[in-house]
Amino acid sequence: MTIAPNSLAARDIAYNVHPFTNFRVHEQQGPLVITKGRGVFVEDDDGKEYIEGMAGLWCTSLGFSNKRLVEAARRQMDHLPYMHQFAHRSTEPVIELAEKLIGIAPEPLKKAFFVNSGSEAIDTAIKLIWYYNNGRGKPEKKRIIARRRAYHGITLAAGHLTGLPYARAGFDLPMSDRFFHVTTPSHYRDGLPGESEADFTDRLAREIETLILALGPDTVAAFFAEPVQGAGGVIVPPQAYFHKIQPILKKYDVLMVADEVICGFGRTGNMFGSNTFDIAPDLMTVAKQLSSAYLPIAGVLMRDEFYEVLAEQTQKLGMLGMGYTYGGHPVSAAVALETLKIYEEEGTIDQVRAKAPRFQERLAQLNGHPLVGEARGVGLIGAIEIVADKATKAQYPAAAKAAAAVAANCLPHGLILRPLPGDVVGICPPLIITDSEIDLLFDRLAQALDDTLPAMQQAA
Ligand SMILES: Cc1ncc(COP(=O)(O)O)c(C=O)c1O
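In this text the structure is predicted, and so the values were computed from the model without any measurement. (Residues numbered from 1 in each chain as written. Predicted model: local features only at pLDDT ≥ 70, side-chain atom pairs only at ≥ 80, totals over all residues. Heavy atoms only, no water.)

Some points on the overall build of the chain
Test applied: Only DSSP runs of H or I reaching four residues or more are called helices, and only runs of E reaching two or more are called strands; each is numbered from the N terminus. Just to be clear, the radius of gyration here is over C-alpha atoms, and the globule rule we use is 2.2 Å times residues to the power 0.38. Exposure categories follow from relative accessible area, calculated using a 1.4 Å probe and restricted to protein chains: below 20% of the type maximum is buried, above 50% is exposed, and the middle band is partly exposed. Contacts: residue pairs with any heavy atoms within 4.5 Å of one another. For every accessible area listed, the method is Shrake-Rupley and the probe measures 1.4 Å; residues are considered covered only by the protein chains on display. When charges are tallied, Lys and Arg are placed among the positive residues and Asp and Glu among the negative ones, while His and the ends of the chain are skipped. Taken as the charge centre is NZ of Lys, CZ of Arg, CG of Asp or CD of Glu, depending on the residue.
Across its full length, the chain carries 14 helices and 17 strands. Against the globule reference of 23 Å for 460 residues, the chain gives a C-alpha radius of gyration of 22 Å, in line with a compact fold. With respect to the three principal axes, the spread of C-alpha positions in the chain is 70 × 60 × 45 Å. Buried positions account for 56% of the 460 residues belonging to the chain. Counting contacts in the chain only where the partners sit at least 6 residues apart, residues at least 24 apart contribute 70% of the total. For the chain, the accessible surface area stands at approximately 19300 Å², while carbon and sulfur atoms represent 54% of it. The averaged location of the 53 negative side-chain charges in the chain is 2 Å from the averaged location of its 45 positive side-chain charges.

Some words on the state of the cysteines
What counts here: Put simply, a disulfide is two cysteine sulfurs that come within 2.5 Å.
In total, this model carries zero disulfides according to the counting rule given. This cysteine, C263, is not joined by any disulfide, and C428 carries the nearest cysteine sulfur, 8.8 Å off. Given the relative accessible area of 1%, C263 is considered buried.

Some points on the domain arrangement of the chain
The following threshold applies: Residue ranges assigned to each domain were obtained from an automatic or database domain assignment. A quick way to say it: buried area is the sum, across both parts, of accessible area lost when two parts are put together, with a 1.4 Å probe. Salt bridge, as applied in this entry: a Lys or Arg side-chain nitrogen positioned within 4 Å of an Asp or Glu carboxyl oxygen.
Partitioning the chain into domains gives domain 1 (13-65 + 347-459) and domain 2 (67-345). Using only C-alpha atoms to locate each centre, domain 1 and domain 2 end up separated by 27 Å. Contacts between the two partners involve 38 residues from domain 1, matched on the other side by 34 residues from domain 2. Counting each side, the surface lost to burial between domain 1 and domain 2 is near 2900 Å², with a carbon and sulfur contribution of 58%. Inspection of the domain 1/domain 2 interface yields one salt bridge. When the shortest N-O distance is used, the salt bridge between E385 and R189 registers 2.7 Å.

A closer look at the site of the ligand
The condition is simple: Nearness here has a simple test: a residue counts as near a molecule or strand if at least one of its heavy atoms is within 4 Å of that partner. Here a polar contact is taken to be a pair of N or O atoms separated by no more than 3.5 Å, where protein atoms must pair a possible hydrogen donor with a possible acceptor and residues adjacent in sequence count only if both atoms sit in side chains. Lys, Arg, Asp and Glu make up the charged group, whereas Ala, Val, Leu, Ile, Met, Phe, Trp, Tyr, Cys and Pro make up the nonpolar group; the residues left over, Gly among them, are polar.
The environment of the ligand is made up of S117, G118, S119, Y151, H152, G153, E226, D259, V261, I262 and K288. Y151 has a polar backbone atom sitting 3.5 Å from a nitrogen atom of the ligand. At 2.9 Å, a side-chain N or O of K288 approaches an oxygen atom of the ligand. Summarising the interface, the protein chains cover 83% of the accessible area of the ligand, which totals 390 Å² for the free molecule. Taken together, the residues of the shell around the ligand break down into three nonpolar, five polar and three charged.

Side note on the packing of helix α3 (residues 92-104) against helix α11 (residues 330-345)
What counts, and what does not: Every axis in this analysis is a line fitted to C-alpha atoms, fitted for helices over the stretch in contact. Angles between the N-to-C directions lie between 0 and 180 degrees. Whether a crossing is left-handed or right-handed is set by the direction in which the near helix is turned from the far one by less than a right angle, anticlockwise for left-handed and clockwise for right-handed.
Across the interface, α3 lies against α11 with an axial gap of 8 Å and an inter-helix angle of 35 degrees. The two elements α3 and α11 cross, and the hand of that crossing is left-handed. Touching P93, V94, E96, L97, K100, L101 and I104 of α3 are P330, A333, A334, A336, L337, L340, K341 and E344, all from α11. When grouped by side-chain class, the residues that make up the contact of α3 with α11 number eleven nonpolar, no polar and four charged.

Let's talk about unusual backbone geometry
Between L173 and the following residue, P174, the backbone shows a cis peptide bond with an omega angle of 5 degrees. Examined against the element boundaries, P174 turns out to sit in the loop between α5 (156-161) and β8 (179-182). The backbone of R149 shows a phi angle near 70 degrees, a positive value even though the residue is not glycine. Following the sequence through the fold, R149 ends up in the loop between β7 (143-147) and α5. Notably, D253 is not glycine yet its phi reads approximately 60 degrees, a positive angle.

Regarding helix α14 (residues 435-459)
Threshold: To estimate the expected span of a helix, subtract one from its residue number and multiply by 1.5 Å. What is called the bend at a residue is the angle between a pair of axes, fitted to the seven residues leading up to and ending at it and to the seven starting from it.
For α14, with 25 residues, the first-to-last C-alpha span of 36 Å sits near the 36 Å given by 1.5 Å per residue. At L453, α14 shows its maximal bend, which comes to roughly 40 degrees, and the proline P454 appears one to four places after that position.

Considering the sheet that holds β8
Formally: A strand pair is defined by DSSP finding two or more bridges across the two strands.
If you walk across this open sheet you meet the seven strands as β6-β12-β11-β10-β9-β7-β8, and the pairing is mixed. In the strand order of this sheet, the two ends are held by β6 (109-115) and β8, each with one partner. Neighbour-to-neighbour, the strand axes of the sheet open up by a mean angle of 20 degrees, direction not taken into account. Across four bridges, β7 lies against β8 in parallel orientation. Directly across from I145, in β8, lies its bridge partner F180. Sheet strands in contact with helix α7 (residues 197-215) are β7, β8 and β9 (220-225), and its direction is about 155 degrees off that of β8. Sheet strands touched by helix α8 (residues 241-251): β7, β9 and β10 (255-259). Its angle to β9, the strand with the most contacts, is close to 165 degrees.

Overview of the sheet that holds strand β13 (residues 372-378)
Strand pairing in a sheet takes place through backbone hydrogen bonds and is either antiparallel or parallel in direction. Reading across the sheet, the four strands line up as β13-β14-β17-β16 and stay open at both edges, with antiparallel pairing between neighbours. The two strands at the open ends of the sheet, each matched to only one other strand, are β13 and β16 (418-420). Ignoring which end each strand starts from, the neighbouring axes of this sheet average 25 degrees apart. Relative to strand β14 (residues 381-386), β13 runs antiparallel, the two sharing six bridges. Opposite V378, over in β14, you have I381 as the bridge partner.

Focus: helix α10 (residues 304-317)
Selection criterion: Here the arc refers to the directions that run from the helix axis out to each C-beta atom.
With 14 residues, α10 should cover 20 Å at 1.5 Å per step; its first-to-last C-alpha distance of 20 Å lies within 8% of that length. Turning to α10, its buried residues are F306, V309, L310, Q313 and T314. Buried residues of α10, viewed axially, fall in a sector of 140 degrees; they line one side. Looking at α10, the residues exposed on the side facing more than 90 degrees away from the buried face are E305, E312 and Q315. Once α10 finishes, G318 follows within two positions and takes phi at roughly 100 degrees, a positive value.

Below, the structure written as structure tokens:
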């Protein structure tokens, strides 16, 4: 038996008596220690196997045992294990990766800057936008709009943009008054009684325009949005949402930044969420499935016009004071490049599109379960929102921890899912999941929901 260094007893599962009922919720005293992986499955140190129904943190697109990625890392380690990107240096895998990425990205994006994580990509995008507006002689144009329940990372600037209270509480945030949040595009949760989806979408577009006008268009720099909001509860926007808001952003010279950290590389059934929702981004952030998470790498993609202003400003200031020791690490870049080659050669995105109808059909069937208020998704991402009353959409008391109870009840059935804010359970398996594994995932989730029902009925 292995014990993780920081855990008291990694394999001890304690059964806590649920505060509202006598239902026993499994609570890990130590972490669930994962020791190995194969395809979409992982195994704990007790030999128990699970479907990794969240692809780790929405990222291991190619599963847990892709040998080509291992070999790509080994080859690059052998050849050139490190070189940085400062002072006009680069490496072959980074150049090749940038070219490949620009080749598949939405048309206007022409330049790529590599970093190590999604949060760093967001922080970098924010700083480059400020640098850009200083360069354009618009030093007042610095405010940034995001949505409530958005997740853009957890570093200092990204944490301001993330629209979830847990990113701030206890961390002395906000420290800056440059960040604003508008309504989440969840028609289910944020639509007014009787409001159609079209009217809801129009109202949200008006809200953004009203905010830009109230702040003053000369002070608003950018709007950041995940095509599908992931960690905030898998919010799939109305199809018309981005159509309605992009002309408003354009009208007031506000940059559209697509945060594709989760949606990028096939998750929604197209290469990018921007393709699925017709977004023409000025900047785009990518990470996670860029390397199937085998090594850390992320990037900021931008238009030529944006880049040209940065280049001029850099001439004026003497240097671009932006970069990271490990940004564009050649081994990570080689693995990312191999990941993109695999997507292309194996037709991974086409396969997602072929498997998505079955995934979405099995997901939609959960609408029939008494605990499920809404089952929603697109491509190979989805979620169920747990409610106490389907008609009123009332939720269980927070102390009932309904979504956490469902996720905990998935474990004995051999399934890892993740509870998300708003009593939502997220589902985001590796893209390589097969049809029969999709069935297994949803069979196990249905069992976990049945197991959770009696306790929740008492908690209501
Ligand atoms: C949409 C989005 N943006 C940014 C981030 C931050 O990425 P990281 O955890 O790599 O810093 C995440 C992480 O889940 C994310 O989902």
